[in-house]
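Below are the chains, spelled out letter by letter.
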Amino acid sequence: MFSINNIIRSNIKNLFPYSSARDEYQGEASVFLDANENAFGSPLEQQFNRYPDPLQLQIKGRLSEIKGVPVKNIFLGNGSDEAIDILFRSFCNPGVDNVILVPPTYGMYQVSANINDVEARKVPLTEDFQLNLDDIAEAIDDHTKLIFICSPNNPTGNSISRADVETLLANFGGIVVVDEAYINFSRQKTFIQELTEYANLVVLQTLSKAWGLAGLRIGMAFASEEIIEVMNKVKPPYNVNDASQQLALQALANIDQVNGWIREILLQRDKLVLGLKDFDFVLDIYPSDANFILVKTTDPKGIYNYLVQKGIIVRDRSKVELCQGCLRITVGTPGENNILLQTLQDFK
Ligand SMILES: *Cc1c(COP(=O)(O)O)cnc(C)c1O
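Everything quoted here is computed from the prediction, not taken from an experiment.

(A) Main features of the side chain of N239. Relative to the assigned elements, N239 resides in the loop between α9 (225-234) and α10 (242-252). In terms of polar contacts, N239 uses its side chain to reach the side chain of Q56, at 3.0 Å. In this view, N239 contacts P54, Q56, F75, L76, G77, N78 and E82; residues no more than four positions away in its chain are not counted.

(B) Highlighting helix α6 (residues 108-115). Of all the residues in α6, the buried ones are Y109, S112 and A113. Viewed along the axis of α6, the buried residues span an arc of 105 degrees, placing them on a single side of the element. In this structure, the buried side of α6 is in contact with α5 (80-91), β2 (98-101), β3 (119-122), β4 (144-150) and β5 (175-179).

(C) Structural view of the packing of α5 against α9. Taken N-terminus to C-terminus, the directions of α5 and α9 make an angle of 95 degrees; their axes are 9 Å apart at the nearest point. Overall, the two elements α5 and α9 adopt an arrangement that is roughly perpendicular. Between α5, through A83, I86, L87, R89, S90 and F91, and α9, the contact on the second element is made entirely by I227, V230, M231 and V234. Tallied by class, residues from the contact of α5 with α9 come to eight nonpolar, one polar and one charged.

(D) Quick look at the sheet that holds β4. A sheet is described by the order of its strands in space; here seven strands give the open sequence β1-β7-β6-β5-β4-β2-β3, paired in mixed fashion. Pairing within the sheet leaves two strands with one partner each, and these edge strands are β1 (74-77) and β3. Strand-to-strand twist in this sheet, taken as the mean axis angle between neighbours without regard to direction, amounts to 25 degrees. Direction of pairing for strand β6 (residues 201-206) relative to strand β7 (residues 219-222): antiparallel, over a ladder of four bridges. When the sheet's bridge partners are listed, T206 is paired in β7 with G219. Each of β1, β6 and β7 is contacted by helix α4 (residues 57-67), which is oriented at about 125 degrees to β1, the strand it contacts most. Helix-sheet contacts for α5 involve β1, β2, β4, β5, β6 and β7, and the interaxial angle to β4 is about 160 degrees.

(E) Structural detail: the environment of V177. On the secondary structure map, V177 appears in strand β5. For the pair V177 and I149, spaced 28 residues apart in sequence, the C-alpha separation works out to 6.0 Å.

(F) Summary view of the pairing of β5. Where burial is concerned, most of β5 is hidden: five out of the five residues are buried. Of the two faces of β5, the one carrying I175, V177 and D179 and the one carrying V176 and V178 are both buried. Here β4 pairs with β5 via five bridges, running parallel. Its bridge partner lying in β5, I149 is registered against V178.

(G) Quick look at the sheet that holds strand β9 (residues 292-297). Taken in spatial order, the four strands line up as β8-β9-β11-β10 in an open sheet, and their pairing is antiparallel. Only two strands of the sheet have a single neighbouring strand rather than two, namely β8 (282-285) and β10 (315-316). Taken together, the two bridges between β10 and strand β11 (residues 326-330) define a ladder with antiparallel strand orientation. Bridge pairing in β11 places D316 opposite L327. Where helix α11 (residues 255-277) meets the sheet, it contacts β8, β9 and β11, and its direction lies at approximately 10 degrees from that of β9.

Procedures and definitions
- Residues numbered from 1 in each chain as written.
- Predicted model: local features only at pLDDT ≥ 70, side-chain atom pairs only at ≥ 80, totals over all residues.
- Heavy atoms only, no water.
- Helix = DSSP H or I, 4+ residues; strand = E, 2+ residues; numbered from the N terminus.
- Polar contact = N/O pair within 3.5 Å; in protein donor to acceptor, adjacent residues only side chain to side chain.
- Contact = heavy atoms within 4.5 Å.
- Buried < 20%, exposed > 50% of the residue type's maximum accessible area, 1.4 Å probe, protein only.
- Arc of directions from axis to C-beta.
- Axes fitted to C-alpha atoms, helices over the stretch in contact; angles between N-to-C directions.
- Parallel < 35°, antiparallel > 145°, perpendicular 65-115°, else oblique.
- Nonpolar A, V, L, I, M, F, W, Y, C, P; charged D, E, K, R; others polar.
- Pairing = 2+ DSSP bridges.

Without other data, these values stay purely geometric and don't point to any function.
Have a look at this one:
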């Protein structure tokens, strides 16, 4: 039922992508006079005078081993935020097409929709933060190109029912984007293994959260070869800079350190929940599959302002639908979590 030709924008389908010097010659050579770089070097210890690999093949090779996905099914972006934007630009005609969002969820989907002048149809999650499949089915029309599902969800922290996501994948003629920014903290299985099953699946992951590399700006999309080819055609040619590529490659060798941190963060999350439960002003703490917790309180604004004044910043999500009274708190180091709990002792 899904065919990329039914949903790709015609200008993108017909696009001749930018062809860089490094696209036109690939192979061994010793004198590169093809890209107008400064052949003398960079005024730095480390040299960056050459353009980076536009397809980031070294990182993808390593990611392919880690994730068990062929290189041809991997796209890398300047953060997964870039992948989100490229999906809009590839598949959604401004002023014509629409996408489905299921709030409360990650804010960038709406911003990217607005930037691209694409209508975002909002179908709120149920009270227990799950998909409302009937209402989603109702909201879909012939111009619906993308559905964004964030699982584990930001800001609620829970995972979305796998069966529900599969129902969408099996029945929707557009692309289902499953944003797994927090998957490393979850007990749920990734959807990456379903890529062979569903031609309309895009899985987003990132090096910004569990991998501790938010400053490098590297996000991943996993999808069919034909979707990845479209995304590569639309992206800026050198969207991941060489410093980020080199450092990411080094970081990807240290997977044991990252797995250790993940275990520690999960322990700290449990301790934080226990510590917060005792406060009178805490009404509820929602179960989390992520490295943050959503905490329902009697006085979100008051607690937020009090913590700011003590130099502690959490996220006030109390204005977000279904999140009345809620603060989103990221799990910190043991020391940071203790400071938070100690400080909250004195909140009146
Ligand atoms: C943090 C976050 C991202 C952003 O990822 P980058 O790779 O840093 O752009 C994407 N999706 C969700 C749900 C997030 O919470």
